[in-house]
Amino acid sequence: MRKLEIHDIIVASHNAGKVREINDLIAPYGFSAKSAAELNLEEPEETGTTFEENATIKALAAAKTTGLPALSDDSGLCVKALDDAPGVYTADWAEKEDGSGRDFLMAMEKVHKAIEAKETSDKGGYFVAVLCLAWPDGHVEYFRGETHGDIIWPPRGDAGFGYDPIFLPEGHDKTFGEMTAEEKHGWKPGQKDDGLSHRARAFALFARTCLSQDR
Ligand code: IMP
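Predicted model, so just to flag it, every value in this text is computed and none were measured. (Residues numbered from 1 in each chain as written. Predicted model: local features only at pLDDT ≥ 70, side-chain atom pairs only at ≥ 80, totals over all residues. Heavy atoms only, no water.)

**So, the overall build of the protein**
Note the cut-off: Helix numbers and strand numbers start at the N terminus; a helix is a DSSP run of H or I with at least 4 residues, a strand a run of E with at least 2. For the exposure calls, accessible area comes from a 1.4 Å probe over protein chains only, and a residue counts as buried if that area is under 20% of its type's maximum, exposed if over 50%, partly exposed in between. Residues count as neighbours in contact if any of their non-hydrogen atoms are within 4.5 Å of one another. Values of accessible area rely on a 1.4 Å probe in the Shrake-Rupley scheme; residue burial ignores everything except the protein chains shown. Here Asp and Glu are counted as negative and Lys and Arg as positive; His is not counted, and neither are the chain ends. For this purpose, a charge sits on NZ of Lys, CZ of Arg, CG of Asp or CD of Glu.
What the protein contains, in helices and strands, is five helices and seven strands. Along the three orthogonal principal directions, the C-alpha set of the protein runs to about 50 × 40 × 25 Å. Across the 215 residues in the protein, those meeting the buried criterion constitute 46%. Of all intrachain contacts in the protein linking residues separated by at least 6 positions in sequence, the fraction that spans at least 24 positions is 58%. Put simply, the protein shows about 10,300 Å² of open surface, and 50% of that area lies on carbon and sulfur atoms. Averaging the positions of the 24 positive and the 38 negative side-chain charges in the protein gives two centres separated by 3 Å.

**Comments concerning the site of the ligand**
For the record, the criterion: Think of it this way: one heavy atom of a residue within 4 Å of a molecule or strand is enough to make that residue near it. Residues adjacent in sequence count toward polar contacts only when both atoms are side-chain atoms; beyond that, a polar contact is any pair of N or O atoms within 3.5 Å, and within protein one must be able to donate a hydrogen and the other to accept it.
Residues in close proximity to the ligand total 18 residues, the closest being Lys18, Ser75, Asp164, Lys184 and Arg199. Here an oxygen atom of the ligand sits 2.6 Å away from a polar atom, N or O, in the side chain of Lys18. Contact distances for the ligand include 3.1 Å between a nitrogen atom and a backbone N or O atom of Tyr163. Considered on its own, the ligand offers 490 Å² of accessible surface; in the complex 97% of this is hidden by protein. Of all the secondary structure elements, the ones that give two or more residues to the shell around the ligand are β3 (70–79) and α5 (198–210). Tallying contributions element by element places β3 first for the shell around the ligand, with four residues.

**Here we look at the packing of helix α1 (residues 16–26) against α5**
Rules: Every angle, taken between N-to-C directions, lies between 0 and 180 degrees, and every axis is a line fitted to C-alpha atoms, over only the stretch in contact when it is a helix. Should an angle fall under 35 degrees it is taken as roughly parallel, and over 145 as roughly antiparallel, whereas 65 to 115 is taken as roughly perpendicular and any remaining angle as oblique. The sense of a crossing depends on the near helix, which, turned anticlockwise from the far helix by less than a right angle, makes the crossing left-handed and, turned clockwise, makes it right-handed. Note that Gly is not counted as nonpolar here; it falls among the polar residues with everything else outside the nonpolar set of Ala, Val, Leu, Ile, Met, Phe, Trp, Tyr, Cys and Pro and the charged set of Asp, Glu, Lys and Arg.
Where α1 meets α5, the axes come as close as 11 Å, and the angle between the chain directions of the two elements is 40°. The pairing of α1 with α5 is recorded here as oblique in orientation. Of the two elements, α1 crosses α5, and the hand of that crossing is right-handed. Residues Lys18, Glu21, Ile22, Leu25 and Ile26 of α1 form the contact with α5, whose participating residues are Arg199, Ala200 and Phe203. Classifying every residue of the contact of α1 with α5 by side-chain character gives five nonpolar, no polar and three charged.

**Examining the environment of Lys118**
Take Lys118: it is sitting in the loop between α3 (104–117) and β5 (124–134). Overall, the relative accessible area of 45% leaves Lys118 in the partly exposed class. Each C-alpha atom, one on Lys118 and one on Gly138, is 43 Å from the other, the two residues being 20 residues apart in sequence. In this view, Lys118 contacts Ala81 and Leu82; residues no more than four positions away in its chain are not counted.

**As for the side chain of Ser72**
Relative to the assigned elements, Ser72 resides in strand β3. The class of Ser72 is buried, set by a relative accessible area of 0%. Side-chain polar atoms of Ser72 contact the backbone oxygen of Ala55, separated by 2.7 Å. When residues no more than four places from it in sequence are discounted, the contact partners of Ser72 are Ala12, Ala55, Lys58, Ala59, Val130, Leu131 and Cys132.

Here it is, written out as structure tokens:
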């Protein structure tokens, strides 16, 4: 495993919600993260069929273009009653039919209706985040985090982003959409457990492996 000694890192994402959360998680380590969107990097097509494949496409493209290590996040919501859909296609489920962007209220409703159509009492699901750290020479490493819980309806809360308002993490009575960023991460550098959100859990693994704890 390579340690990350350079303090400039590219966050290989054009998703403002993810970039904000990664910045929250990386800032205490003294890293300055620039996003692919800020640098006007092209958004590569996500042609993979696994979170790992798509994370690799994004991180390698940014590392090779900028000459700096790049950290990507490929994530999604897996619903047990739907055989783990939408999974890697979570962002696609939010694409509007007229191609004019994404609508997450529509996407959440689609998930809810698909579960209802199964006539099951199983509301279980989980968020996955796979971080890929890529170096310009092509070296890559992966860090995966998952958070399990229930998919609820109607949506609750307007914090966070994406599908947060319909996800109730196990053992909690607030959805991710009702939590502050700190509550959703549930993790700070040096903390013994790995926090709450899938992204914080993947990040905790990344930090333990690649970041010096004495920063
Ligand atoms: P991708 O990783 O760019 O393919 O997109 C992942 C999709 O999953 C995004 O559209 C998000 O809406 C959704 N997603 C990923 N992480 C979260 C999260 O922490 N909260 C809510 N939605 C998320």
